[in-house]
Each structure stands twice: as C-alpha cells, then as structure tokens.
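One letter stands for each residue in the lines below.
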2 protein chains.
Amino acid sequence: MPTDNFELEKFLPYLLNQAAEASSLAFERSYKAKYGMLRTEWRVLFHLGLYGSMTASEIGGRAKMHKTKISRAVQRLTERRMVTRERDIDDRRVEHLTLTSKGRAAYTDLRSIAERYEAALVADLSADETRALRIALGKLAEVKPAVFT
Amino acid sequence: MPTDNFELEKFLPYLLNQAAEASSLAFERSYKAKYGMLRTEWRVLFHLGLYGSMTASEIGGRAKMHKTKISRAVQRLTERRMVTRERDIDDRRVEHLTLTSKGRAAYTDLRSIAERYEAALVADLSADETRALRIALGKLAEVKPAVFT
DNA sequence: TTGTAATAGTTGTTTTTGTAACTAACAAGG
DNA sequence: CCTTGTTAGTTACAAAAACAACTATTACAA
C-alpha cells in the first residue's frame, strides 16, 4: 500500500546495505566470537594473509579503508600478537606488517570458515545470478558518481 | 601475487560491503548536506513518505532497523518538524508517526534525487545484470545463515 | 483482582567510527 | 644547507552505533 510509485526495496543503496548487513552477520559472529576481532581487523588480517607483508598504506589502497581505521586495527592485532611491525630501512616512515604464526593460524582458520560460508550464501543463487551479481557488484564498488542536488 | 587461492575480492560479505559503501556515498551527501540527515533518518523519512502513517515497530520490522535507532531518528525528525507523533487511542504504548508538510517536501525532493541517482548507478550495468543483481540482492537480504565454526 | 509475562518505546553507557590536527620522515627546488 | 611541500602513520576529539537496562502499558491466566 505505498502512496506513490517509488520502490524503496529496489533502490540500490538501500538494497545493497540490507544484503551486505545480512550476509555479513554470520561471518561476523565467527571472527568476533573466536578471535574478538572487529570488521576492520579481519580485513587487515586477510590482506596480510593473502598478500604477505604489506604496509598500512598498501592495505588502505586495496581495501579502501581509511588510514586511521587501519592504524587502530593494526594496533589491536599487534597487541594480540597476531601482527608484527617492522620499520623500512630506506624510508623510516614506512612500516612493514606481517602475520605472526598466531595470526597466520587465525587467518587460515577464518579463511576456511569464509570459504564454507561463501558456499552457503551462493547456494541460494543460480549460477547465472551469482556471475551477474559479482560483475555488477564489482562495477558498483568502483563507481564514484557525481553528487546530485 | 596472493600467496594462496582464496579470493577476497569475490567474497560476498566483503564485496557487498564495498559496493554498498561506494554506492551510498553520493546519495548520503545529498541528504546530509541539504537536510542534515543521518542514514537512519532518511530511511524513516522514506518509509513514512511511501507508506503513510506508521508506528516505530512497523518501520523497524520493514527496514530491519533496531528500535533504538528508530527512536532516535524519530526524535531528531520531530525536532526538525518533519514528523509528528500521535498516541494510539486504544493502545497508549503505540505512537503513530506521520510526515508534516515539511517532511513530505523533503521526502519528495529526496525521492527524486534517489530516482535520478539510481538511474545513474544502473547506467553502468546491462539490463540482465541489473535484473539478476536485484534478484540476488533480494535473496541475500533475507538470508539468515547458521553460524560457522 | 492480581501477579507474571510480553510489547512499545526510551534512556544511559560503552564501543566504534569519522574528522581533523598532529608528528616524523622524506623530497626537491632554490 | 634551508624552506616548502608531501607522505606514512598516530592521536585527540566529536559523532554515531551497539547494547543493555529501563518505564509505561497491555495481555492473560490463576
């Protein structure tokens, strides 16, 4: 019984948020409960697990996370002995971040959870839907549209 | 140069978040700059604009927003004279929320921005992609998967 | 009735996030 | 060398979100 013809449920920013939130929930519980991690932290962890040693800026560029988020995530991961930091010899502003064995163990564990979770999510979708979804999401993630007035 | 074969860029919770954030940005600037609204507030505004008078619980159920978020959003919208509250006669716990003319004007304006913005977002996508995207997102928004360990 | 549970919504407190300002180190032209 | 500008990362403070405890009201059964 809407009073006009706008469809909120199809408005992409709204729909994307709902889907993102719902689909993040179960995974969030895993890394939160098992490792006391925040969203920012598992992202940093995964980047280091996947790409090996990285600097904060590199992670920021790739994950599109603001540097303050990364700074705090790294601080917490360091306190928990999951990440070590090492100053660059040539440029002492730069820090190289690396997973400790504890961090790598957490990454390996969470990655396997992520893989199984992904499979469960995709199980609801047809192959075509999944393919189109990934392509469309990839495009939308890059979009940087002008402001509307 | 990943060190293993997990694809973070295809992991749905991650990808969805990126897409949701990127695609919300421009619209967020509109309602923030023009009306000083928060995400929670435009959502409440749109529900009232679309469905007419609603209670906080009804909005919560439909938008999957926690009741404290709604309570505070309604409070701010009321302070700005965009929403009025009226106690239910039969059940005095319940409040019926309605847009004022000022609220309705803001809704109409923002809805038209939303429509144009949606068109700009979808312009990057093929018709098939768009259709599959909406269907897939709709399913994912409903998904409530078991916790993985 | 009256006692217990449920529901609508609010308030208080703690976490997280966002934003801006900051320090430290490097770069590059004069 | 200096000055000016840039980059990497941190810190401080303000805004927003999450979570839990609360009030007020209704429902319902003993």
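Keep in mind it's a predicted model, so treat the numbers as computed, not measured.

## Remarks on unusual backbone geometry
Next up, step 1: Within the chain, lysine 64 of chain A stands out as a residue other than glycine whose phi angle is a positive 55°.
Next up, step 2: With respect to the helices, strands and loops of the structure, lysine 64 of chain A is situated in the loop between helix H3 (56–63) and helix H4 (67–79).

## What about the interface of chain B and chain A?
Next up, step 1: Tallying the contact residues gives 56 residues for chain B and 57 residues for chain A.
Next up, step 2: Listed by contribution, the elements that provide at least two residues to the side of chain B that touches chain A are helix H1 (12–35), helix H2 (39–51), helix H5 (101–122) and helix H6 (127–142) of chain B.
Next up, step 3: The greatest single-element share of the side of chain B that touches chain A, amounting to 15 residues, is contributed by H1 of chain B.
Next up, step 4: When grouped by side-chain class, the residues that make up the side of chain B that touches chain A number 35 nonpolar, eight polar and 13 charged.

## Let's talk about the protein's contact with DNA strand D
Next up, step 1: In the neighbourhood of DNA strand D, 18 residues make up the surrounding shell, with Ala56, Ser57, Ser71 and Arg93 of chain A together with Arg92 of chain B lying closest.
Next up, step 2: Counting only elements with at least two residues in the surface near DNA strand D, the list comes to H3 and H4 of chain A together with H2 and helix H4 (67–79) of chain B.
Next up, step 3: For the surface near DNA strand D, the element with the most residues is H4 of chain A, which contributes four residues.
Next up, step 4: Here the surface near DNA strand D is built from residues that sort into four nonpolar, six polar and eight charged.

## Examining the protein's contact with DNA strand C
Next up, step 1: Among the 20 residues in the neighbourhood of DNA strand C, the closest are listed as Arg92 of chain A together with Ala56, Ser57, Ser71 and Arg93 of chain B.
Next up, step 2: Of all the secondary structure elements, the ones that give two or more residues to the surface near DNA strand C are helix H2 (39–51) and H4 of chain A together with helix H3 (56–63) and H4 of chain B.
Next up, step 3: Across the surface near DNA strand C, the residue classes break down as four nonpolar, seven polar and nine charged.

## Some details on the environment of glutamate 86 of chain B
Residue and element names in this part refer to chain B.
Next up, step 1: Note on placement: glutamate 86 falls in strand S1 (residues 83–87).
Next up, step 2: The sequence separation of glutamate 86 and histidine 96 amounts to 10 residues, and the corresponding C-alpha distance is 5.1 Å.
Next up, step 3: Those residues in contact with glutamate 86 that sit more than four places away from it in its chain are Glu95 and His96.

## Thoughts on the relation of the copies chain B and chain A
Next up, step 1: The transformation that overlays chain B on chain A combines an axial shift of 0.0 Å with a rotation of 180°, and the residual RMSD is 0.1 Å. Look at the turn and shift together and you get a two-fold axis relating the two. Rotation axis and chain B: the residue whose C-alpha lies nearest the axis is leucine 133 of chain B, separated from it by 2.5 Å.
Next up, step 2: Most of the interface of chain B is mirrored in chain A: 100% of its interface residues are interface residues there too.

Conventions we followed
- Residues numbered from 1 in each chain as written.
- Chains lettered and ligands numbered in written order.
- Predicted model: local features only at pLDDT ≥ 70, side-chain atom pairs only at ≥ 80, totals over all residues.
- Helix = DSSP H or I, 4+ residues; strand = E, 2+ residues; numbered from the N terminus.
- Contact = placed C-beta atoms within 7 Å.
- Nonpolar A, V, L, I, M, F, W, Y, C, P; charged D, E, K, R; others polar.
- Near = placed C-beta within 6 Å.
- Least-squares fit on C-alpha atoms with pLDDT ≥ 70 in both.

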